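The lines below spell out each chain.
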Amino acid sequence: MKCVGVLLALTLCACGGPRSSAAKSESLTEVQHLPAERKALLVAYGRGGDEWEAARAQALADPAATRFLVDNLMLEMMRSYDAFAARTDERARSAFLRAESELARLGPTAARSLVELLGVADGIVADLAARTLVRMGRDANVPLEPALAHADGRVRRRAAELYAELPHAGEHEPEVRAALTKLALGDAEWIVRAESARALGSRGAHDVATAPWRTTLERALVDADATVRRAAADGLGRLGDPRAIPALANAMARSISDGEVKLLGAIEAALGALAGDGHSRSPQDWLDWWRTHGVERMGKRGG
């Protein structure tokens, strides 16, 4: 069987546009012109097993070799994706999944390069990078944070979407919350504010203290954009903090007054989730319900 590593290096020479993110890297050098140690790394990747594990460990001890490895894995992932997306090709699919798995396994070492791809014009490339960062899990949290302050709103939106899927960042979680809060309450683009609100709800649900997440989402309930208001209601439902019921009841009254049917539906869904039942109530009935059952509901929640 032909060596996957050699196929990889040859492919890199032909790639153009945004998929050649490391255009000045030795990753784009024709295979016959690579230094011997780089050729050996590609051959080891193709063979796999113990040979690959040893070569991988050696490469990770050298920053230049590490960058070479990351660049090649990213481009191999894209090349093989193109192949199996265009036609049914199980071999290409296996190559794609292996490259994706290796990148995820590298953690922060690869995360920064993947985050850079969130800003490329090619939506497929950005989506592949995002998928790999999600698969990477917790290690992607810190490298991703700068993307929340990116000049391009598309990157900020993609980063917020990713944070809705990534696990808790441990000691770095307050920084993530602060960055998402800034976007949810003040970003110039409504879609960024909306995705940030959803992320706040998803991440806050896994935090010890939900109050900081809840207060931000309650403020977002009065955003100038209807989609953001719906996202805030959805975020509060995801958050699972019943103390949001009064704020949601008041938002419900406003939505009825303004004739915002979609927002009303989102608020009712959130209220039902927080109350633990599917009963339909008026805004005043929800406030009365909270005065009667609030303490009990907080006790069931455990906080």
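As shown above, the structure is provided for reference.
Here is what the cut-offs are and how they apply
- Residues numbered from 1 in each chain as written.
- Predicted model: local features only at pLDDT ≥ 70, side-chain atom pairs only at ≥ 80, totals over all residues.
- Heavy atoms only, no water.
- 1 Å grid on protein atoms, 1.4 Å probe; cavity = no way out; pocket = protein on both sides within 12 Å on 5 of 7 lines; lining within 4 Å.
- Points joined across faces, edges and corners; volume = space filled by probe spheres on them.
- Helix = DSSP H or I, 4+ residues; strand = E, 2+ residues; numbered from the N terminus.
- Nonpolar A, V, L, I, M, F, W, Y, C, P; charged D, E, K, R; others polar.
- Salt bridge = Lys/Arg side-chain N within 4 Å of Asp/Glu carboxyl O.
- Buried < 20%, exposed > 50% of the residue type's maximum accessible area, 1.4 Å probe, protein only.
- Axes fitted to C-alpha atoms, helices over the stretch in contact; angles between N-to-C directions.
- Parallel < 35°, antiparallel > 145°, perpendicular 65-115°, else oblique.
- Left-handed = near helix turned anticlockwise from the far one by under 90°.
- Contact = heavy atoms within 4.5 Å.

Q: Can you help me understand the layout of surface pockets in this one?
A: Vacant regions in the atomic arrangement are exposed by a probe of water-molecule size rolled over the atoms. There is about 180 Å³ of room inside the second largest pocket. Around the second largest pocket, the lining residues are Glu 37, Arg 38, Ala 40, Leu 41, Ala 55, Gln 58, Ala 59, Asp 62 and Ala 65. Contributing elements (two or more residues each) for the lining of the second largest pocket: helix H2 (36–47) and helix H3 (49–60). Its residues assigned to classes, the lining of the second largest pocket comprises 5 nonpolar, 1 polar and 3 charged.

Q: Explain the pattern of salt bridges to me, please; I cannot follow it from the model alone.
A: In a structure, side chains of opposite charge can pair up when their charged atoms sit close to one another. Overall, the coordinates contain 24 salt bridges when judged by the stated rule. A salt bridge links Arg 156 to Asp 187, with the shortest nitrogen-to-oxygen separation between them at 2.7 Å. Within this pair, whereas Arg 156 is found in helix H9 (residues 153–163), its partner Asp 187 is found in the loop between helix H10 (173–186) and helix H11 (190–204), the two being separated by 31 residues in sequence. Residue classification places Arg 156 among the buried residues on the basis of a relative accessible area of 10%. Linking Glu 161 and Arg 157 is a salt bridge whose minimum nitrogen-to-oxygen distance equals 3.2 Å. Of this pair, Glu 161 and Arg 157 are both found in helix H9, 4 residues apart, which corresponds to roughly one turn of the helix. Residue Glu 161 is classed as partly exposed on the basis of its relative accessible area, which comes to 28%. Beyond isolated ion pairs, a larger network of salt bridges with shared partners links Glu 53, Arg 56, Glu 102 and Arg 105.

Q: Which parts of the structure should I look at to understand the packing of H2 against helix H4 (residues 63–86)?
A: The relative placement of two packed helices comes down to the angle between their axes together with the axis-to-axis distance. Two numbers describe how H2 lies on H4: the axes approach to 11 Å, and their chain directions differ by 45°. Between H2 and H4, the crossing angle belongs to the class labelled oblique. Where H2 crosses over H4, the two elements pack in a sense that is right-handed. Of the residues in H4, those touching H2 at Arg 38, Leu 41, Leu 42 and Tyr 45 are Ala 64, Ala 65, Phe 68, Leu 69, Asn 72, Leu 73 and Glu 76. Looking at side-chain class alone, the contact of H2 with H4 contains 8 nonpolar, 1 polar and 2 charged residues.

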